[in-house]
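The primary structure of each chain is shown beneath.
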Amino acid sequence: MAWSMSLILMQVKNLLLICITVPITRILQVILDVLFGPSHVDRLRSGTHLFRYGALSTQVHAVQLSDRRLFLRVYRGLEDMVFLERDDVTLYAVEKDKFVFVKTRPGVDLYSEEPYPFFPMNQVAAAREVLVASHEAVFRYLDSKPRRDGRNIALLYVLGRCGSTLTNQLVQCSGQALTICEPHSLNHVGRIINQRHEMESKDSSEDIRLLRACLLLLAKHPHQRYFIKVQPFGVECFPHIAHLALPEVKEMFLHRALKPVATSFIKMGGPVFGRWISDHMISTMPLKYRRVWNKVKDSDQRKVTLFSMLVQMQNFFLEAAERKNLKSYSYESLMADKEGFCRSLLQHIGVGSEHVPSALTALNKDSQANFAPASSTVLKSRKVEIPDEVMEWARKVARDEFGVELDGPDCLCTNFPNQWNT
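Our subject in this report is the structure included herewith. (Residues numbered from 1 in each chain as written. Predicted model: local features only at pLDDT ≥ 70, side-chain atom pairs only at ≥ 80, totals over all residues. Heavy atoms only, no water.)

Thoughts on the overall build of the chain
Logical step 1: In terms of regular secondary structure, the chain is built from 17 helices and 12 strands.
Logical step 2: When contacts within the chain are restricted to residue pairs at least 6 apart in sequence, long-range pairs at least 24 apart make up 77% of them.
Logical step 3: Total accessible area computed for the chain in this model is approximately 18600 Å², and 54% of it derives from carbon and sulfur atoms. (Helix = DSSP H or I, 4+ residues; strand = E, 2+ residues; numbered from the N terminus. Contact = heavy atoms within 4.5 Å. Areas by Shrake-Rupley, 256 points an atom, 1.4 Å probe, with all protein chains shown as cover.)

Some thoughts on the environment of Ser358
Logical step 1: Looking at the element boundaries, Ser358 is found in helix 14 (residues 356-360).
Logical step 2: Beyond its immediate stretch of four places on either side in the chain, Ser358 contacts Cys173 and Ser174.

Some details on empty space enclosed by the protein
A probe as big as a water molecule, rolled over the atoms, marks out the empty space that is left.
Logical step 1: This structure, assessed with the given rule, holds 3 cavities of 30 Å³ or more.
Logical step 2: For the largest cavity, the calculated volume is near 60 Å³.
Logical step 3: Looking at the largest cavity, it is lined by 13 residues, and the ones nearest its centre are Tyr111, Ser112, Pro117, Thr179 and Cys181.
Logical step 4: Of all elements in the fold, only helix 3 (119-126), helix 5 (164-174) and strand 7 (178-181) reach the threshold of two or more residues within the lining of the largest cavity.
Logical step 5: For the lining of the largest cavity, the leading source of residues is strand 7, giving 3 residues.
Logical step 6: Looking at the lining of the largest cavity residue by residue, the classes come out as 7 nonpolar, 5 polar and 1 charged. (1 Å grid on protein atoms, 1.4 Å probe; cavity = no way out; pocket = protein on both sides within 12 Å on 5 of 7 lines; lining within 4 Å. Points joined across faces, edges and corners; volume = space filled by probe spheres on them. Nonpolar A, V, L, I, M, F, W, Y, C, P; charged D, E, K, R; others polar.)

Some thoughts on unusual backbone geometry
Logical step 1: Phi is positive for Cys411, which is not a glycine, with a value near 60 degrees.
Logical step 2: Structurally, the position occupied by Cys411 is in the loop between strand 11 (406-407) and strand 12 (412-413).
Logical step 3: By relative accessible area, which is 0% here, Cys411 ends up buried.
Logical step 4: The backbone phi angle of Asn418 is positive, close to 60 degrees, even though this residue is not glycine.
Logical step 5: Within the element layout of this structure, Asn418 appears in the segment after strand 12.
Logical step 6: Residue Asn418 is classed as buried on the basis of its relative accessible area of 17%. (Buried < 20%, exposed > 50% of the residue type's maximum accessible area, 1.4 Å probe, protein only.)

Some details on the layout of surface pockets
Logical step 1: Taken as a whole, the second largest pocket spans an internal volume of roughly 300 Å³.
Logical step 2: In terms of lining, the second largest pocket is formed by 14 residues, of which the most central are Tyr141, Lys145, Arg148, Lys220 and Pro222.
Logical step 3: In terms of residue count, helix 7 (residues 205-218) provides more of the lining of the second largest pocket than any other element does, 3 residues in total.
Logical step 4: Of the residues in the lining of the second largest pocket, the class split is 7 nonpolar, 1 polar and 6 charged.

Here we look at the packing of helix 11 (residues 301-322) against helix 17 (residues 388-402)
Logical step 1: Helix 17 packs onto helix 11 with a crossing angle of 35 degrees between their chain directions and a minimal axis gap of 10 Å. In the packing of helix 11 onto helix 17, the handedness of the crossing is right-handed. Side by side, helix 11 and helix 17 meet where Arg302, Lys303, Leu306, Phe307, Leu310, Val311 and Gln314 of the first sit next to Val390, Met391, Trp393, Ala394, Val397, Ala398 and Phe402 of the second.
Logical step 2: Here the residues of the contact of helix 11 with helix 17 sort into 11 nonpolar, 1 polar and 2 charged. (Axes fitted to C-alpha atoms, helices over the stretch in contact; angles between N-to-C directions. Left-handed = near helix turned anticlockwise from the far one by under 90°.)

Overview of the packing of aromatic side chains
Logical step 1: Following the criterion strictly, the structure yields 15 aromatic pairs and no others.
Logical step 2: Aromatic pair Phe233 and Phe265: ring centres 5.7 Å apart, planes at 65 degrees, arrangement edge-to-face. With Phe233 in the loop between strand 8 (226-230) and helix 8 (238-245) and Phe265 in helix 9 (residues 258-283), this residue pair connects regions lying 32 residues apart in the sequence.
Logical step 3: The class of Phe233 is buried, set by a relative accessible area of 18%.
Logical step 4: Owing to a relative accessible area of 14%, Phe265 belongs among the buried residues under this scheme.
Logical step 5: On the numbers, 6.4 Å between centres and 20 degrees between planes, the contact of Tyr329 with Trp420 is stacked. With Tyr329 in strand 10 (residues 326-330) and Trp420 in the segment after strand 12, this residue pair connects regions lying 91 residues apart in the sequence. One exposure class covers both Tyr329 and Trp420, and it is buried.
Logical step 6: For the cation-ring pair, Arg256 lies above Tyr331, with the distance from its terminal atom to the ring centre recorded as 4.2 Å. (Phe/Tyr/Trp six-rings, centres within 6.5 Å; stacked < 30°, edge-to-face > 60°. Lys NZ or Arg CZ within 6 Å of the ring centre and 35° of its normal.)

Things to note about the sheet that holds strand 4 (residues 98-104)
Logical step 1: The sheet built from 3 strands is open, its strands ordered 3-4-5 with antiparallel pairing. Each edge of the sheet is formed by a strand with only one pairing partner; in this case those strands are strand 3 (89-94) and strand 5 (127-134). Strand-to-strand, the axes of this sheet are offset by a mean angle of 30 degrees, without reference to chain direction.
Logical step 2: Of the strand pairs in this sheet, strand 3 and strand 4 are connected by 5 bridges, and their pairing is antiparallel. Each bridged residue has a counterpart across the sheet, and for Val89 the counterpart in strand 4 is Lys103.
Logical step 3: Packed on one face of the sheet, helix 3 meets strand 3, strand 4 and strand 5 and runs near 115 degrees to strand 3. (Pairing = 2+ DSSP bridges.)

In structure tokens form, the structure reads like this:
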């Protein structure tokens, strides 16, 4: 419970930061513009990770004048897209009308697992400038470039808590791709698409254009191979439209038996914050899945979490049945045949088997190192029990509502299409 309270306190601090800084910065913005004139780029002052995260999240950043006084300013947009050519400028977020980028300090490798295993955490830690461009400005910039088909991009869709960070590090250790682990921007695109269609996933040209832009901004160099691990939830439409946005993009889905996945999610969230996460998962689902939930819903947090897992699985289950090039992998198959799993994964993204030995060195490290929620001693000691009757409920919902067969006490999906080892 102690770890959950620390999470809650962190969220409260973020909310207070928003409530306090946003109105004040509007006033300071006017004053600064009068005194110094409008500025297009301002610098983030080094500070605590919390402050920097809050500054980025609230569209506010810091500018230090004459090395003495610190002001908060709302960032401004740019029309000149030349800054996108820089290696130290990366996509951080996507909003309904603009793309948000961060410029990081010199010499920082955002694609490594240091200091954090996740790309956006490294962006926040190293951010120095916040840059913004409208959708239309970015679309024009991308349209002016040679047409790309996405052949240098691989997307790993995941169930969550399924060995996906380890899988990302297998590719990283091969040395044959830049790995981007759970960029926020892709989840923002998924949420925008869902909201645009009243939570019903579509494949309009507008949706396809937005996803295409996001992927090309993340994988900006056409001759560099990129492996992007997509954070779960809110991205249900991606397997339906990613190959329409970029026809040669390589896609795969990683899953795991539902019981250990749900147990891990509940342990990480705790009894309070975990409930909020579960309810949030339901509220952001496409309409068709919320209708299924209304049909089978239950107040038990464990069932809410399990249902969210089933929704993630079913989207890829349906798409993989239609497309043979959407490979599926499981955590259990990784544990059973590490070398075979790794060889298949690398082959699918265009990497030769001679790089398997170097990739397998990732197994010698803790994939969750430097990520407090997963490495917390409190988390590891927390006990979560999911009774057999709850798992039987999940098994019935999976079979009756989604056509997914779950076998064994841990509820492993055994009829997933295009499994690498079948």
